[in-house]
Amino acid sequence: MERRIKAMEKKYLLPSLDLVENVFTAYQDEKEGKMVRRLVEEIRAKKYYVPGLELIMVNERDEVIGYAMFSRFHLGGKYENELLLLTPVAVKTQVQRQHISKQLLEYGFMRAKEMGFQAVLVEGNPQNYRSRGFQSSYRFGIEAGPAIKLPNPDCLMVKELEEGSLEKISGLVDYTFYQALCEE
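Computed from a predicted structure; not experimentally measured.

Turning next to unusual backbone geometry. Here T87 and P88 are connected by a cis peptide whose omega angle stands at -10°. Topologically, P88 is positioned in strand β4 (residues 83-91). Within the chain, H99 stands out as a residue other than glycine whose phi angle is a positive 65°. Along the chain, H99 turns up in the loop between β4 and α3 (100-114). Among the residues examined, H99 registers a relative accessible area of 54% and is labelled exposed.

Here it is, written out as structure tokens:
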């Protein structure tokens with residue numbers, strides 16, 4: 001089964017949105033699926049979007065089966081040229097547990113480092129990200145702002161792309177510049 005990782009192309013814009021919505025709807029519920037879809041559309045429209053870091057994996061029929069988006073992120077208006085946010089990551093339900101997200105993430109880390117980014121921030125289940133080198137962000141002085149309700153402080157994680165880079169990056173994580181994340 002042939003699979004390829006690609007940066008986003010116009011013909012995959014809608015199929016990737018459908019994939020993200022379907023995966024998050026199946027994982028949680030329809031409200032979550034629609035919210036994550038809106039988030040992707042919003043990131044694409046903002047200055048934080050990095051076209052070369054919106055990644056997909058396609059199968060031999062050229063269908064999108066995996067998705068990962070890395071976008072610029074700032075902490076209090078700083079570090080947007082050093083720090084990336086990884087969200088969302090989605091793999092077609094029928095092909096999960098086949099290392100698709102692992103391959104997308106590792107490729108994304110490599111490309112991001114080549115582009116000069118130094119660290120990646122993610123919010124999620126630590127079990128899904130520890131094996132990719134993510135560590136609890138609070139250990140580096142990067143903490144969830146007051147509006148962010150984490151089930152556990154360890155759910156906000158960061159990964160260095162450049163050794164020692166987190167020694168000079170710290171602050172509060174705030175998502176208020178993304179409307180999709182602030183809607184109830």
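Between helix α1 (residues 13-27) and helix α2 (residues 30-45), whose axes approach to 7 Å, the crossing angle comes to 145°. By crossing handedness, the relation of α1 to α2 is classed as right-handed. For the pair formed by α1 and α2, the contact residues are L13, L14, S16, L17, D18, V20, E21, F24 and T25 on the first element and E30, E32, G33, K34, V36, R37, V40, E41 and R44 on the second. Tallied by class, residues from the contact of α1 with α2 come to 7 nonpolar, 3 polar and 8 charged.

Attention shifts here to α2. With 16 residues, α2 should cover 22 Å at 1.5 Å per step; its first-to-last C-alpha distance of 23 Å lies within 8% of that length. Looking only at α2, the buried set comprises G33, M35, V36, R37, L39, V40, E42, I43 and R44. Packed against the buried residues of α2 are α1, β2 (54-58), β3 (64-72), β4 and α5 (179-182). Residue D29 occupies the N-cap position of α2, its side-chain oxygen lying 3.2 Å from the main-chain nitrogen of K31.

What follows is about the side chain of S16. Note on placement: S16 falls in helix α1. For S16, a relative accessible area of 0% corresponds to the buried category. With residues up to four places along the chain from it excluded, the contact list for S16 reads M8, R44, I56, V64 and Y67.

The rules behind each value
- Throughout this document, residue positions are counted from 1 along each chain, in the order its sequence is written.
- A pLDDT threshold of at least 70 governs which residues receive local features in this predicted model, and a stricter bar of 80 or more applies before side-chain atom pairs are shown or counted, although totals over entire chains, interfaces and linings include all residues.
- As a rule here, side-chain values come from all non-hydrogen atoms in the structure, and water together with hydrogens is ignored.
- Note on conventions: DSSP H or I runs of at least 4 residues are helices, E runs of at least 2 residues are strands, and numbering of each starts at the N terminus.
- Only protein chains enter the area calculation, which uses a 1.4 Å probe; residues under 20% of their type maximum are buried, those over 50% are exposed, and those in between are partly exposed.
- As a rule, the C-alpha atoms of each element are fitted with a line to give its axis, helices using only the stretch in contact, and angles between N-to-C directions run from 0 to 180 degrees.
- The crossing is said to be left-handed when, going from far helix to near helix, the turn is anticlockwise and less than a right angle, and right-handed when the turn is clockwise.
- Between two residues, a contact is recorded if the distance between any of their heavy atoms is within 4.5 Å.
- Residues are grouped as follows: nonpolar covers Ala, Val, Leu, Ile, Met, Phe, Trp, Tyr, Cys and Pro; charged covers Asp, Glu, Lys and Arg; every other residue, Gly included, is treated as polar.
- An expected span of 1.5 Å times one less than the residue number is assigned to each helix.
- Whenever two N or O atoms come within 3.5 Å, that pair is a polar contact, provided that in protein one can donate a hydrogen and the other can accept it, and provided that, for residues adjacent in sequence, both atoms are side-chain atoms.

No statement about biological role is implied by the geometric values presented.
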